[in-house]
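# Observations on the three-dimensional arrangement
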Amino acid sequence: MSTDTQIFALIGNPVEHSLSPLMHNATFAEMGIDARYMALRAEKVEDALQAIRESNIRGGSITIPHKTSFMAYLDNVSEACRKIGAVNTFTCDDGRLTGNNTDWIGIVRALKELIPLEGKTFAVLGAGGAARAAVYGIREERGIPIVLNRTVTTGKDVAGEFGCDFSPLQDIEKITADCLINCTSVGLYPDTGVSPVRKNVLRNFGYVMDIIYNPLKTRLMKDAEEVGCSTISGLSMFVHQGAEQIYIWTGMTPPHNFMKKVVMEKLNDEGN
Ligand code: ATR
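Starting afresh in each chain, residues are numbered from 1 along the sequence in its written order. Reporting of local features is limited, given that this is a predicted model, to residues whose pLDDT is at least 70; pairs of side-chain atoms are given and counted only at 80 or more, and all residues count toward the totals for whole chains, interfaces and linings. Calculated side-chain values reflect all of the structure's heavy atoms, with hydrogen atoms and water omitted.

### A short note on helix H9 (residues 256–269)
Strands here mean DSSP runs of E at least two residues long; helices mean DSSP runs of H or I at least four residues long; both are numbered from the N terminus. Given the number of residues in a helix, its expected span is that number minus one, multiplied by 1.5 Å. Helix length check: H9, at 14 residues, gives a terminal C-alpha distance of 20 Å against a target of 20 Å (1.5 Å per residue), a fit within 8%. Burial classification: accessible surface area is computed with a 1.4 Å probe over protein chains only, and a residue below 20% of its type maximum counts as buried, one above 50% as exposed, and the rest as partly exposed. Buried within H9 are the following residues: His256, Met259, Val262, Val263 and Leu267. Along the axis of H9, the buried positions cluster into a sector of 135°, meaning they face one direction only. When the buried face of H9 is taken as reference, the exposed residues oriented beyond 90 degrees from it are Asn257 and Asp269. Contacts are assigned to residue pairs with any non-hydrogen atoms lying within 4.5 Å of each other. Contact partners of the buried residues in H9: helix H1 (20–31) and helix H8 (234–250). What the arc measures is the spread of directions leading from the helix axis to the C-beta atoms.

Here it is in structure tokens:
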């Protein structure tokens, strides 16, 4: 590191298990960019802001639990970020903070590798920030999202806001769509034995995507394969959202396959 090294940070709590530092540092090195990406645990969003200003941080990622509260401190907000109501990417220029959201781009690009979105129907499970990013992205690409959520009021609110249909998650057997996307945390490590939906309902969907990438193959993905659905992994979304972050920070397009290999090797090493 030198005085010219650009510093980027992941801000959240916890941050210890994130694969973003590994992915971004390997990619900066591969691209020959003099930059470092470090994880900064911040209990309060104000701690994060102080760290950004005092450490000359050029930009970074915002993760749980600050994705919504950080919005209030931004000087500029992208339209996607505002509509989704969550920021996962920021840049800092002369103390001015700009917020972006690359989660929706990650979801859309992962889907587009297999399905053209226009006119296709997508059952989106969940109504949190990840589900909002998915619904926003699907609408942007002229797809048709249907929100399914365990809590009816939250699900109806999200569907109403984005102008799409809603169904209670418990009624999922009545829904047929081209693709189902899990945007809940059900199945995330260490609770890997569970799935947000019963296996037999997966026959109503041609494609199944999980935004969870740890484990690489969730229970939902295993069930989907067993009933004959095509599957789209959370790893693909994770790499696409990270690649867009690097583009926002540097203006350069990073090597996608390299990024994917770095993350996949790490997850395979860990036996996931
Ligand atoms: P994020 O911002 O990362 O998407 P979140 O805001 O905590 O996370 O949203 C989590 C989503 O997962 C919610 O829609 C939640 O459903 P509720 O609104 O009913 O709480 C959903 N979720 C979490 N655990 C769930 C479970 N065991 N079964 C079904 N849905 C679940």
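### Examining the pairing of strand E3 (residues 59–62)
We treat two strands as partners when DSSP finds at least two bridges between them. Pairing analysis gives four bridges linking strand E1 (residues 6–12) to E3, with the strands arranged parallel. Each residue of the ladder has a partner; that of Ala9, found in E3, is Gly60. As paired strands, E3 and strand E5 (residues 89–93) are joined by three bridges and run antiparallel to one another. The residue of E5 that forms the bridge with Ser61 is Thr89.

### Focus: the site of the ligand
As a structural note, the neighbourhood of the ligand is formed by Gly126, Ala127, Gly128, Gly129, Ala130, Asn149, Arg150, Thr151, Leu169, Thr184 and Val186. Within the backbone of Ala127, a nitrogen or oxygen atom sits 2.8 Å from an oxygen atom of the ligand. Pairing of N or O atoms within 3.5 Å defines a polar contact, subject to two protein rules: one partner must be a possible hydrogen donor and the other a possible acceptor, and residues neighboring in sequence count only if both atoms are side-chain atoms. Between the ligand and Arg150, the relevant distance is 2.8 Å, taken from an oxygen atom to a side-chain nitrogen or oxygen of the residue. Bound to the protein, the ligand loses 61% of the 650 Å² it would expose on its own. We call Asp, Glu, Lys and Arg charged. Ala, Val, Leu, Ile, Met, Phe, Trp, Tyr, Cys and Pro are nonpolar, and the rest, Gly among them, are polar. When its residues are assigned to classes, the shell around the ligand shows four nonpolar, six polar and one charged. We call a residue near a molecule or strand as soon as one heavy atom of that residue lies within 4 Å of the molecule or strand. Each accessible area value is a Shrake-Rupley result obtained with a 1.4 Å probe; residue values ignore everything except the protein chains displayed when judging cover.

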